[in-house]
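# Understanding the architecture of this molecule
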Number of protein chains: 2
Amino acid sequence: MTMTYQFSNRVPKSDEDPVGNILKVAGSPDVISFAGGLPAPELFPVDQLKRVTDEVYDESGRQALQYSTAIGDLQLREQIVKRMARQGVQTTTDNIMISTGSQQSIDLTAKMFINPGDTVIVEKPTYLCALDVFRSYGAHIVGVEMDDDGMRIDQLEAAVAENPNTKFIYTIPNFQNPTGRTMSAERRARMIAIADKYNIMIMEDDPYGAIRFAGDDIEPVKFYDDHERVIYLSTFSKILAPGLRLGWIVAEKSLIKKFTLMKQSADVHSDNLTQHIVAKYMAEYNIEDHINKIKQVYRKREAVMMQAIETYFPSGVNYSHPEGGLFIWVEVPGNVDTKALFDTCIKHNVAFVPGEPFYPDKVTPGTFRLNYSNMSEDQIKTGIKRLGSAIKETIGESVSGISGH
Amino acid sequence: MTMTYQFSNRVPKSDEDPVGNILKVAGSPDVISFAGGLPAPELFPVDQLKRVTDEVYDESGRQALQYSTAIGDLQLREQIVKRMARQGVQTTTDNIMISTGSQQSIDLTAKMFINPGDTVIVEKPTYLCALDVFRSYGAHIVGVEMDDDGMRIDQLEAAVAENPNTKFIYTIPNFQNPTGRTMSAERRARMIAIADKYNIMIMEDDPYGAIRFAGDDIEPVKFYDDHERVIYLSTFSKILAPGLRLGWIVAEKSLIKKFTLMKQSADVHSDNLTQHIVAKYMAEYNIEDHINKIKQVYRKREAVMMQAIETYFPSGVNYSHPEGGLFIWVEVPGNVDTKALFDTCIKHNVAFVPGEPFYPDKVTPGTFRLNYSNMSEDQIKTGIKRLGSAIKETIGESVSGISGH
């Protein structure tokens, strides 16, 4: 007799992993998948990383393989100080902790601030794995609508005012996951003003900001923060390699102290060998050159996807026009059953991630996320053509006039 | 004005990190430190790791740098299946998840099972960072006394009977941290019988078991487990290199599924490059040869420390006689103020970790942990001589007769 396990309330009741299942179906070799969020592996600087890794082993192998500090490698934090300065954020190595990727940064921040019942305000839709984390700590999640300029600040203020137990706002201001939308500078400043007024924190999750291939850079929300209420998160996953699982947190010094205590308890510290490798890579190469290569490739892929969408999608379908990042968000009007659309797409050998898991509460039907970073231009053309056919098959030749917008 | 942060109940109220402070003081260049728990870095197989890392970059660089699965690299899990078989545990790759080190395994297990108020039963004393984790999830911690054969099973049964909300027993059966003691085979079987009787889980934390340099191997508690109630944890930290932050969990398949959901939410997956490196290292080299080198060095260091203790400690001081692992536990009888003893030691330029943080509740005074893995034989002799002087200075020349045991 196998025992019956009694899990804590933090554990999802179901073993179902709907997105995992989608990615499994989408992973079939015949399917052109726009479902994942993988960077283009052909751009990983394998030879350069190999060279600096050899140097790390030769120069400081024993140190890199030994235990280290929870706050993270000093050389790496020094490199991150420089990167933050390029984005308009002046900071110090004492304000930075290295994490095992953005997901851990989100988890530690949530663990640090959320008591069961506390409110977290998020963009609607938003990064689904952040929602999972917030739920696991018992958060009450409130979604705020977005438009092309990001989170709607009028609705944000109403949400904060209605929820006096709000702990923080979670925002992905640049090329948001899943919508690809970017918050305007004006709204960033207004978000800070509201946080000041109601004395709440902001978790700024910025994995994609460096991958801007059109338009002008906008300073992070953290840039507008005079009261140390923004916890800024970023990662090497999209600008270097996600397999290395390295990200960073920028916050007020006393908060970084708390973060290092939480981090020690979570996994002692992040992979020290990998921290040494990335620090050396950034010291010996200009990572901006590498990021520029990524931008060029993603710019082209996005343009090809946009062009194909215009050509093959029925009129009336709405979609975002990202100036960077990895994702386009599609809204098919007319109360479409996204699950049925997904199944039709799989028959046509093309896949996306349906909108549902990105919504904290009420789901907008007919929405889905497309990724363009991980497919060749030819695959993008073919896949979007198939997707167009699947949409037409599901909703009829044209939906123009059905949608009000 | 900087804002006042409102933390969750999981966050320690104090920013104090007493053990961190001890390690800082102990880290002064003049101090011979037996305080840490670091493996000997001169034994890290740097050249071999460099060679297999180059091969990983050449053969599967893009794959190793890309996102991977939460359960972990299949090749690495296959190697772990073989290692577990050597220890008498027959398992499969579906029963294993790779973690970012044992600390994460402990954290995920605690998060998965502990609701606030649930009881966790631990050895007294035990690994202090496990206590931190259990506390952070609101556990009620109950300590059970140990003797030279490990946890006292009569007391264990009483503790379980008194605490019907017991979720699991946390045990470090081999060369326990901090005591260096090993649980007898007979007690392991009895622990399982009690867990069966009361239908509770066991978390078996085994970072040191492979480093046995005297006596005979004892099968893990998991070996005696017929009802899938043991979650077995181990790590590459002590048998290869802790900087890599790689450990593993062995558990029933449906539990591993839950673990992968929790892991995805915690940090997506562990460093993929490092997983590839360790899998290749284990495929191309015999890690047992490497472990044998570690055993030889640690055996000598432990013997030197034992000899020095016998020579320089006043009579009446008790200490454990580990057959493996990294630690010796010392009990100075006579109600000694360990803090005062520590301060005297620092004046003598020698350091240990005082017993206090290892106790879940009532602290036994005059106890401390010594580490012998990270100091040369000469340093061990000199350091123990200094420590003997400091003890004598604190308690007088001889304490024989003061202690009842």
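Residues numbered from 1 in each chain as written. Chains lettered and ligands numbered in written order. Predicted model: local features only at pLDDT ≥ 70, side-chain atom pairs only at ≥ 80, totals over all residues. Heavy atoms only, no water.

### Some points on the domain arrangement of chain A
All names here are of chain A. Defined as follows: Note that the domain bounds were set by an automatic or database domain assignment. Residue contacts are counted whenever heavy atoms from the two residues lie within 4.5 Å of one another. Computed with a 1.4 Å rolling probe, the buried area is the accessible surface lost when two parts are put together, summed over both parts. A pair is scored as a salt bridge if a Lys or Arg side-chain nitrogen falls within 4 Å of a carboxyl oxygen belonging to Asp or Glu. Each polar contact in these results corresponds to two N or O atoms within 3.5 Å; when the atoms are within protein, one needs to be able to donate a hydrogen and the other to accept it, and residues that are neighboring in sequence are counted only if both atoms are side-chain atoms. By the criteria applied, helices consist of DSSP H or I runs no shorter than four residues and strands consist of E runs no shorter than two, each listed in order from the N terminus. Note that Gly is not counted as nonpolar here; it falls among the polar residues with everything else outside the nonpolar set of Ala, Val, Leu, Ile, Met, Phe, Trp, Tyr, Cys and Pro and the charged set of Asp, Glu, Lys and Arg.
Examined at the domain level, chain A breaks down into domain 1 (18-44 + 289-395) and domain 2 (46-284). Taken over C-alpha atoms, the centre of domain 1 sits 26 Å from the centre of domain 2. Between domain 1 and domain 2, the residue contacts involve 28 residues of the former and 32 residues of the latter. Where domain 1 abuts domain 2, roughly 2700 Å² becomes buried across the two surfaces, and 65% of that area is made up of carbon and sulfur atoms. The interface formed by domain 1 and domain 2 contains three salt bridges. With a closest N to O distance of 3.8 Å, Arg-181 and Glu-331 form a salt bridge. Where domain 1 touches domain 2, the interface holds nine residue pairs in polar contact (both at pLDDT 80 or more). For the side of domain 1 that touches domain 2, the secondary structure elements donating two or more residues are α10 (287-312) and β11 (327-331). A total of seven residues in the side of domain 1 that touches domain 2 trace back to one element, the largest contributor, which is α10. In terms of residue class, the side of domain 1 that touches domain 2 is built from 16 nonpolar, five polar and seven charged.

### Some points on the relation of the copies chain A and chain B
Which entries qualify depends on this criterion: Here the copies were fitted onto each other by least squares, based on C-alpha atoms from residues at pLDDT of at least 70 in both.
Overlay of chain A on chain B (RMSD 0.0 Å): rotation 180 degrees, translation along the axis 0.0 Å. What the rotation and shift describe, once combined, is the action of a two-fold rotation axis. When each C-alpha of chain A is compared by its distance to the rotation axis, Asp-271 of chain A comes out closest, at 3.6 Å.

### Observations regarding the pattern of salt bridges
Residues and elements named next belong to chain A. We count it as follows: Each residue's exposure class comes from its accessible area (1.4 Å probe, protein chains only) as a fraction of the maximum for that residue type: buried when under 20%, exposed when over 50%, partly exposed otherwise.
Applying the stated criterion across every chain, the model contains 56 salt bridges over all chains. Among the salt bridges present, the one from Lys-280 reaches Glu-55, with a minimum N-O distance of 4.0 Å. Taken together, the residues Lys-280 in helix α9 (residues 272-284) and Glu-55 in helix α2 (residues 46-65) connect sequence positions 225 residues apart. Using a relative accessible area of 16% as the deciding quantity, one classes Glu-55 as buried. The partner of Asp-343 in a salt bridge is Lys-339, with the nearest N and O atoms 3.0 Å apart. Of this pair, Asp-343 and Lys-339 both sit in helix α11 (residues 338-347), four residues apart, which is roughly one turn of that helix. With a relative accessible area of 33%, Asp-343 lands in the partly exposed category. Its relative accessible area of 53% is what places Lys-339 among the exposed residues.

### Section: the packing of helix α4 (residues 102-113) of chain A against helix α8 (residues 253-267) of chain B
Selection criterion: In this description, a line fitted to the C-alpha atoms serves as the axis of each element, helices being fitted only across the stretch in contact, and the angle between N-to-C directions of two axes falls anywhere from 0 to 180 degrees. Here is the rule for angles: anything less than 35 degrees is roughly parallel, anything more than 145 is roughly antiparallel, 65 through 115 is roughly perpendicular, and the remaining ranges are oblique.
The contact between α4 of chain A and α8 of chain B brings their axes to 5 Å, and the two run at 95 degrees. Taken together, α4 of chain A and α8 of chain B sit at an angle that is classed as roughly perpendicular. Touching Gln-103, Gln-104 and Asp-107 of chain A of α4 of chain A are Gln-264, Ser-265, Ala-266 and Asp-267 of chain B, all from α8 of chain B. Looking at the contact of α4 of chain A with α8 of chain B residue by residue, the classes come out as one nonpolar, four polar and two charged.

### A look at the interface of chain A and chain B
Contacts between the two partners involve 83 residues from chain A and, on the opposite side, 83 residues from chain B. Across the chain A to chain B interface the summed buried area is about 7100 Å²; carbon plus sulfur atoms make up 57%. Considering only the side of chain A, the residues that lose the most area to chain B are Arg-10, Leu-65 and Tyr-67 of chain A, jointly responsible for 10% of the buried surface there. There are four salt bridges connecting chain A and chain B. Our enumeration of links across chain A and chain B arrives at 47 residue pairs in polar contact (both at pLDDT 80 or more). Put simply, the parts of the chain that give the side of chain A that touches chain B at least two residues each are α2, α4, α5 (128-136), α8 (253-267) and α9 of chain A. In terms of residues, the side of chain A that touches chain B owes the most to one element, α2 of chain A, which gives 11 residues. A breakdown of the residues in the side of chain A that touches chain B according to their chemical character gives 35 nonpolar, 26 polar and 22 charged.

### A word on the environment of Ser-389 of chain A
Along the polypeptide, Ser-389 of chain A turns up in helix α12 (residues 377-395). Counting along the chain gives 364 residues from Ser-389 of chain A to Val-25 of chain A, while the straight-line C-alpha distance between them is 19 Å.

### Observations regarding the nonpolar core
Definition in use: For this analysis, a nonpolar core means a set of buried residues of the types Ala, Val, Leu, Ile, Met, Phe, Trp, Tyr and Cys, connected via side-chain atoms within 4.5 Å.
Phe-134, Tyr-170 and Leu-370 of chain A together with Phe-134, Tyr-170 and Leu-370 of chain B are the most contacted members of the largest nonpolar core, which totals 235 residues. When near neighbours in sequence (up to four residues on either side) are disregarded, Phe-134 of chain B contacts Ile-106, Ala-110, Ile-114, Val-120, Val-122, Ala-139, Ile-141, Phe-168, Tyr-170 and Met-203 of chain B.

### What to know about the packing of aromatic side chains
Residues and elements named next belong to chain A. For the record, the criterion: Stacked, edge-to-face and tilted are the three classes for Phe, Tyr and Trp ring pairs, Trp counted by its six-membered ring, which pair at centre distances within 6.5 Å; planes under 30 degrees apart are stacked, over 60 edge-to-face, the rest tilted.
Under the counting rule described, the total for this entry stands at 27 aromatic pairs over all chains. Relative to Phe-327, the ring of Tyr-208 has its centre 5.8 Å away and its plane inclined at 85 degrees; by these criteria the two rings are edge-to-face. On the criterion of sequence distance, the pair formed by Tyr-208 in the loop between β7 (201-205) and β8 (230-235) and Phe-327 in strand β11 is long-range, its members being 119 residues apart. Phe-327 matches Tyr-208 in its accessibility class, with the two residues each being buried.

### A few points about the pairing of β11 of chain A
Residues and elements named next belong to chain A. Operational definition: Note on pairing: DSSP must find at least two bridges between two strands before they are called paired.
Counting buried positions along β11 yields five of five residues, so the element is predominantly enclosed. On β11, burial covers both faces: Phe-327, Trp-329 and Glu-331 on one face and Ile-328 and Val-330 on the other are all buried. The pairing of strand β10 (residues 318-319) with β11 spans two bridges and is classified as antiparallel. Bridged to Asn-318 within β11 is Glu-331.

### What about helix α1 (residues 18-26) of chain B?
Along an α-helix, residues three or four positions apart point the same way, because every turn accommodates 3.6 residues. Residues and elements named next belong to chain B. What counts, and what does not: The arc in question is traced by the directions running from the helix axis to the C-beta atoms.
Within the sequence span of α1, burial applies to Val-19, Gly-20, Ile-22 and Ala-26. Along the long axis of α1, the arc covered by the buried residues comes to 160 degrees, so they all point the same way. Across from the buried face of α1, at angles greater than 90 degrees, the exposed residues are Pro-18 and Lys-24. Here the buried face of α1 lies against β1 (32-33), α5 (128-136), α11 (338-347), β12 (350-351) and β13 (353-354).

### As for the sheet that holds strand β5 (residues 150-151) of chain A
Whether parallel or antiparallel, the strands of a sheet pair through hydrogen bonds between backbone atoms. Residues and elements named next belong to chain A. Strand order in the open sheet made by the eight strands is β2-β9-β8-β7-β6-β3-β4-β5, with mixed pairing throughout. The open sheet is flanked by β2 (96-99) and β5, the only strands paired with a single partner. Judged from the four bridges that link them, β8 and strand β9 (residues 247-250) form a sheet pairing that is antiparallel. The partner of Ser-234 across the bridge, within β9, is Trp-248.

### Some remarks on the UniProt feature "domain: Aminotransferase class I/classII large" (unreviewed entry) in chain A
As a reminder of what qualifies: UniProt positions are given in the numbering used here, feature names are shortened, and annotations may be inferred rather than shown by experiment.
In this numbering, the UniProt entry assigns the feature "domain: Aminotransferase class I/classII large" (unreviewed entry) to residues 47-387 of chain A. Taken end to end, residues 47-387 of chain A has its terminal C-alpha atoms 37 Å apart, with 45% of it in helix and 17% in strand.

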